[in-house]
Amino acid sequence: MADIKIFVGSVFGNASEVADLVTDALIADGHSAEQYSSPGVAQLQQASAILVITSTTGQGDIPLNLEDFYLQLHRQLPLITNTPFAVIALGDSGYGDTFCGGGRQMQQILLKLQGRETKEMLSIDSCETLEPELEAVPWAQSWAREL
Ligand SMILES: Cc1cc2nc3c(=O)[nH]c(=O)nc-3n(C[C@H](O)[C@H](O)[C@H](O)COP(=O)(O)O)c2cc1C
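This report concerns the structure included in the present document. Keep in mind that this is a model prediction, so the values were computed, not measured.

Rules and cut-offs
Residues numbered from 1 in each chain as written. Predicted model: local features only at pLDDT ≥ 70, side-chain atom pairs only at ≥ 80, totals over all residues. Helix = DSSP H or I, 4+ residues; strand = E, 2+ residues; numbered from the N terminus. Expected span 1.5 Å × (residues − 1). Buried ≥ 20, exposed ≤ 12 C-beta atoms within 10 Å, placed from the backbone. Arc of directions from axis to C-beta. Contact = placed C-beta atoms within 7 Å. Core = buried A, V, L, I, M, F, W, Y, C linked by C-beta atoms within 7 Å.

## A few points about helix α3 (residues 64-76)
Here α3 contains 13 residues, and its C-alpha end-to-end distance of 19 Å stays within 8% of the 18 Å for a straight helix at 1.5 Å per residue. When α3 is considered as a whole, its buried residues turn out to be Leu-66, Phe-69, Tyr-70 and Leu-73. Viewed end-on, α3 has its buried residues packed into an arc of 105°, placing them on one side of the element. Of the residues in α3, the exposed ones pointing more than 90 degrees away from the buried face are Leu-64, Leu-71, Arg-75 and Gln-76. Looking at the buried positions of α3, the neighbouring elements they touch are β1 (3-9), α2 (41-46), β3 (50-54) and α4 (101-112). Where α3 terminates, the next one or two residues include Leu-77, which has phi positive at roughly 45°.

Structure (structure tokens):
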């Protein structure tokens with residue numbers, strides 16, 4: 001069973017709610033899972049498996065609660081070589097090119113830090129679903145099973 005650290009970025013609470021349900025489901029499956037909404041570099045470096053669940057704000061931007069973390073990762077470049085990670089991005093396709101930009105930025109920095117993306121990013125479009133957890137929970141469970 002995996003030990004998963006979940007990094008959550010949310011403005012109005014949608015991604016946080018999804019993260020809560022994903023955390024509960026992973027724990028019910030026998031994994032250990034812990035959430036961070038104001039994370040630091042150390043938490044990323046200590047992780048043996050990383051799940052990012054984040055919405056997008058502004059124009060393709062990362063939610064404020066993950067902004068410092070994101071900037072620290074860019075400044076310090078703490079390598080997480082070969083650590084498995086995955087990203088669940090919540091967004092709204094009505095925003096066009098910036099759809100799920102927050103998730104994509106997190107994906108890019110984790111790749112730059114040499115993390116290993118073990119499942120293709122899940123992008124959830126609020127234009128298409130009012131219940132993002134119905135996509136996110138089974139997706140995260142199947143990702144975790146393969147760790
Ligand atoms: C001010 C504002 C800006 C947004 N900008 C984007 C964007 O650039 N791209 C995108 O895909 N979604 C964008 N969204 C949509 C949110 O990411 C989406 O509604 C998400 O479900 C919000 O989750 P949260 O409550 O966890 O922040 C924006 C929403 C708001 C209110």
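Resuming the write-up.
## Re the nonpolar core
Within soluble globular proteins, side chains that are nonpolar generally end up buried alongside one another. Among the nonpolar cores identified, the biggest contains 38 residues, and Ile-6, Ile-50 and Ile-53 are the most heavily contacted of them. If you list the elements that add at least two residues to this core, you get β1, α1 (14-28), β3, α3, β4 (84-91), α4 and α5 (132-145). At six residues, β4 tops the list of elements feeding residues into this core. Sequence-distant contacts of Ile-53, that is, excluding residues within four places in its chain, are made with Ile-6, Val-8, Ala-15, Val-18, Ala-19, Val-22 and Ile-88.

Fair warning: the whole summary comes from geometry, so function is off the table for now.
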